[in-house]
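Working through the structure, step by step
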Amino acid sequence: MTVRVTVHPGEDVELSDGVSPATFREPLAALLRRPELLRGALLADGASVPEDGRAGERPLLPGATLAAGRPVPAPGPAAAAVLRASWMLTRTEGAAAGVLLPVTGGLVRDVRRLIDRSGHGMRRRHGLRLRRGGAGRVLAPPRSSADVTWLLSLLPVLASVGVAVVLRQPVFALFALLGLAAVLPQVLRRRSAPAGTAGALAGKAYRAGPDALLAFAVAAHQASPGTWRAARSAWSKAGPRPGWPGGMWDELLGDGSVAVVGAPDPARAVARAVVADLLVHGRPVLVLGATHHWAWCRWLAADHAMLPAEPDAALAGRAPRLTGTGLTGPGLSGTETDDLPVGPVLVVDHGSPDDHATARRAVARGAVAVVLGAVAGCRTVITVRDRHIHVTGPEGGRRTLPLVGVTTQWAEHYARLLAGARHLGRTPATLSGAARPTDAVSNLPDDVPLGGLHDLDGVAAGVTGHRGGSWAVPLGRTTTGTVTWDLVADGPHLLVAGTTGSGKSELLRALVLGLALQHPPDRLMLGLVDFKGGAGLGPLTDLPHVVGHVTDLDPVLAARALEGIHAELRRRKTVLADHGVADIAALAAGTMPRLVVVVDEFRALADELPGLLPDLARIAAQGRSLGVHLVLATQRPAGAVSNDVRANVTARLALRVTDPLESRDVVDCPDAASLPVARPGRAILRIGSSSPVALQCAHTGPGETTAPVRRATPWGRSRDERADRASTTMSPSGTRRSRAEPLGPTHLVAAIRTAYGGPAAHAPLWQPPLPERVTHAELASAEHRPAPGLLLALGDLPGQQRRTAIRWDPADGNLAVLGRARSGRSTALAALAHGARMSGMRVGTVTPGSPSAPEADLLLVDDLEAVRSVRPGWEPPSGVPVAVSTRHPGVVHSLGVGPRLVMLSRDRADDVALGAPATVAGSGGVPGRAVWCGPTGPVLCQVVLDPALT
């Protein structure tokens, strides 16, 4: 998105949204060959522009006039004077209606100034009226005429009582009953009015002319945030008023088109008034025909690519539709029209037959057409003649009204103010609460790179330390600025929904990188659960904050990851208890970092491991006080995210979804289903019970290579025809250079890692997968203290966030090694033999080839079934510890077996039949992978490898 402004005296340029004067000064001066722009103080509509200001923020809003050194005279009365005045004198009729003058001491002089302004050669006969001034009063809901009726109804009551007192005749007080009888019906009507309406006012159509439109544009453009919030609060109690702040022409537009005929200048004045009324509600405008008369529309124009181009006959059987975000259908370009908040205004000024045909097709899709110079196809006709307008309606009705039109100068001033107000998100719909989030999508930025929301230069230079005290992380930008999500104030958790290609993974990457940029590893830990094969969050695993990364390529690891999170919760509870506090916020800085667990494709995780959902619900419930935050992203939350989890998720973000019901399920409104397909990253954010907000989410890729400033598209030409869209910028020396590519995710991760001093200082949140090979030396180093028994395997204890050495103590009973052929049973016995010999024990072996039991301190029986096939009924000698390998779990009961070692395979059913717990069954495939079933419960392990076999 760009910000179109005028550089005095009359050169329109487009500034990249968010660019500062320090960046665009030099290229602007070079582009316009205006050296004074390099040195002079910049003023936008008379207000000073700070060097660190941003295009798109006050005062450098769309429609502003930029000057260097000295202010430029305003086209109308100064906005500040209009806002300060208690009353304004306005002209409501004539070809130059809509003028506002603040009422000062010289009221007569103000009236003369209004009357003396020419009415385009017609007799000077204009309606004048006084209008209340001040932004608060202009933006407030219009007063009900019922309030005045109440006062008038009470006058007879007061008069009767007054006469009775003065004349000392109580009988006159009886006349007060007449007034009370008149008031009583109004009381009954108010009591029967529906809840939430302001008497008879709410819902009634409003009718006002150009003066009210200009007053609203000035107030919306200039009002302070506090005044705007107060006005919104007042409107929330008053109820909507269709048509406000204009509505003068609404009755004439029932067919979607109106023709204005008459002398060219007065007819265009009336047409301008009609168009101005339509534009106040957020519609874009397009002009066909004599476009030079409508140059003021460039501030609110839509792209001509949205116009339907196919003939009417081609539309048969292809029903167009008008969505909440714009026009969609066979003849329209989805890229442009999906972004439109409402149907556009199409002006045809003495156009060609093709222009009129285009207008008819556009009206069929929800546009509103204002046609000059022809009446064909328009059932509503306005004829301008003799200082009046003669209206012929669709049903043939005729009426005559006073002429109401506006000048080109008035329209230019109005359009500039309205463009700035729209950029701030200030429209009648947003004021009254009737706006939908997607009404503002046409003004959203097209591109929000991560570098536009964070200071990446410092990180690239190796700056270390704490980069921010707030836990608010930028998510993207709206029409009014940056949107943030605060882990503490808005959290503790975030739910993200969006269909394939909507930008979920990009958003998650931007969120994770944003947190890592703002907080060092001693304040932040990151756990990444990527059920997209590692493609989504994989590039971020080298961040020093990351304490765990798991993908759907290993579902067992995902289960272990959740156990690790539970262990972390227990550890955090212990830390809080030791410090005597109930919330992590009460701990001293650096005592315990916050943990953010990001899950990409949560539904795939829930489908793969449905038993994890209750555990996640507990994490969601306990996370706030313990400093654990969940970010859950999925295509369709319905059925995957349980109600228990939703109860603790206050922040919800919906990118594009395929169905309005899915949108309602996430953000309680259908707007996410109307987001454009061609604009990934468009989203609706809702935090708690606040109103939903439309935004363009940040991305971690390179930004669009556009210049900070360029000449604006000439009025009447399409954007594609512009010849000077250079993708270069000016260097400080004034020479042209190619724009440098911003840091991508991989380079940014490396820069962050360097800035924060290398790898993470945290212990892993969950242990990595067990290694495929374990030696006796590695196994011995895993022991924290000596224990009795023979070393057998390296065990994994994810619930305790550690590993342990598995030992077989013969005192616990004989050992059975269960498994199918070639599963590693003989390797396990060989490992025991090596450990026993290292301990000085005599080891005897029994095999099918040598079934005799030698004298030994430990007897190893390899393949019990094969031994008994050679010597039926063979039993081991008593008093000697025995470790036996077998294929049948039933055999172990006759040998006094205590612990068991089950060698795992990829066949889940086989593993369960051998006695493996269901949680680890089927997770084999690696030679030596087993589960130890001992006195303390099952433990996944990797059997040690005998050095003789290496």
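The name recorded for the chain in an unreviewed UniProt entry is FtsK domain-containing protein, from Myceligenerans salitolerans.

Notes on the packing of aromatic side chains
Applying the stated criterion to the full structure yields four aromatic pairs. Considering the side-chain rings of Trp 235 and Trp 244, the 4.7 Å spacing of their centres and the 55 degrees angle between planes classify their relative orientation as tilted. Across the pair, exposure class does not vary: Trp 235 and Trp 244 are buried alike. When the ring of Trp 294 is compared with that of Trp 296, the centres are 6.0 Å apart and the planes differ by 35 degrees; the resulting orientation is tilted.

With respect to empty space enclosed by the protein
Within this structure, the stated rule accounts for three cavities of 30 Å³ or more. Taken as a whole, the largest cavity encloses approximately 100 Å³ of empty space. Looking at the largest cavity, it is lined by 13 residues, and the ones nearest its centre are Val 529, Leu 562, Ile 565, Leu 605 and Leu 616. Elements with a minimum of two residues in the lining of the largest cavity: helix 17 (555–579), strand 23 (594–600) and helix 19 (613–626).

Side note on unusual backbone geometry
For the bond running from His 8 to Pro 9, omega is 15 degrees, close enough to zero to count as cis. Within the fold, Pro 9 resides in the loop between strand 1 (2–7) and strand 2 (11–16). Cis peptide bonds are those with omega within 30 degrees of zero, and the linkage from Arg 58 to Pro 59 qualifies with 5 degrees. Topologically, Pro 59 is positioned in the loop between strand 4 (47–48) and strand 5 (65–68). A positive phi is found at Asp 45, a non-glycine position, where the angle reads about 55 degrees. Position of Asp 45 among the secondary structure elements: in the loop between strand 3 (42–44) and strand 4.

Notes on the pairing of strand 25 (residues 651–654)
Along any regular strand the residues' side chains alternate between the sheet's two faces. Judged by which residues are buried, strand 25 turns out to be covered on both faces: Ala 651 and Leu 653 on one side and Arg 652 and Ala 654 on the other are all buried. Sheet topology note: the strand 20 (residues 494–497)/strand 25 ladder contains four bridges and is parallel. Bridged to Leu 495 within strand 25 is Arg 652. In terms of strand pairing, strand 25 meets strand 26 (residues 682–687) through four bridges, oriented antiparallel. Counted as the bridge partner of Ala 651 is Ile 687 from strand 26.

Focus: the side chain of Arg 682
Secondary-structure assignment places Arg 682 in strand 26. Residue class for Arg 682 comes out buried when judged on its relative accessible area of 1%. Side-chain polar atoms of Arg 682 contact the side chain of Gln 696, separated by 2.5 Å.

What counts as what
Along each chain, residues carry numbers from 1 onward, in the same order as the chain's sequence is written. Local features in a predicted model are, by the rule used here, given only for residues with pLDDT of at least 70; side-chain atom pairs are given and counted only at 80 or more, and totals for whole chains, interfaces and linings are based on all residues. Where side-chain values are given, they derive from all heavy atoms of the structure, hydrogens and water being excluded. Two rings from Phe, Tyr or Trp (for Trp, the six-membered ring) form a pair when their centres are within 6.5 Å of each other. A pair whose planes differ by under 30 degrees is stacked, one over 60 is edge-to-face, and the rest are tilted. Think of it in three bands: with a 1.4 Å probe and only protein chains considered, a residue is buried below 20% of the maximum accessible area for its type, exposed above 50%, and partly exposed in between. The definitions used throughout rest on a 1 Å grid laid over the protein atoms alone, on which a cavity is an enclosed set of points accommodating a 1.4 Å probe that cannot get out and a pocket is an open set flanked by protein within 12 Å on both sides along at least five of seven lines; lining residues are those having an atom within 4 Å of a point. Grid points are joined across faces, edges and corners, and a volume is the space filled by probe spheres set on the points. Note on conventions: DSSP H or I runs of at least 4 residues are helices, E runs of at least 2 residues are strands, and numbering of each starts at the N terminus. In short, DSSP must find at least two bridges between two strands for them to pair. Think of a polar contact as two N or O atoms within 3.5 Å of one another; within protein, one of them needs to be a possible hydrogen donor and the other a possible acceptor, and neighboring residues in sequence only count if both atoms come from side chains.

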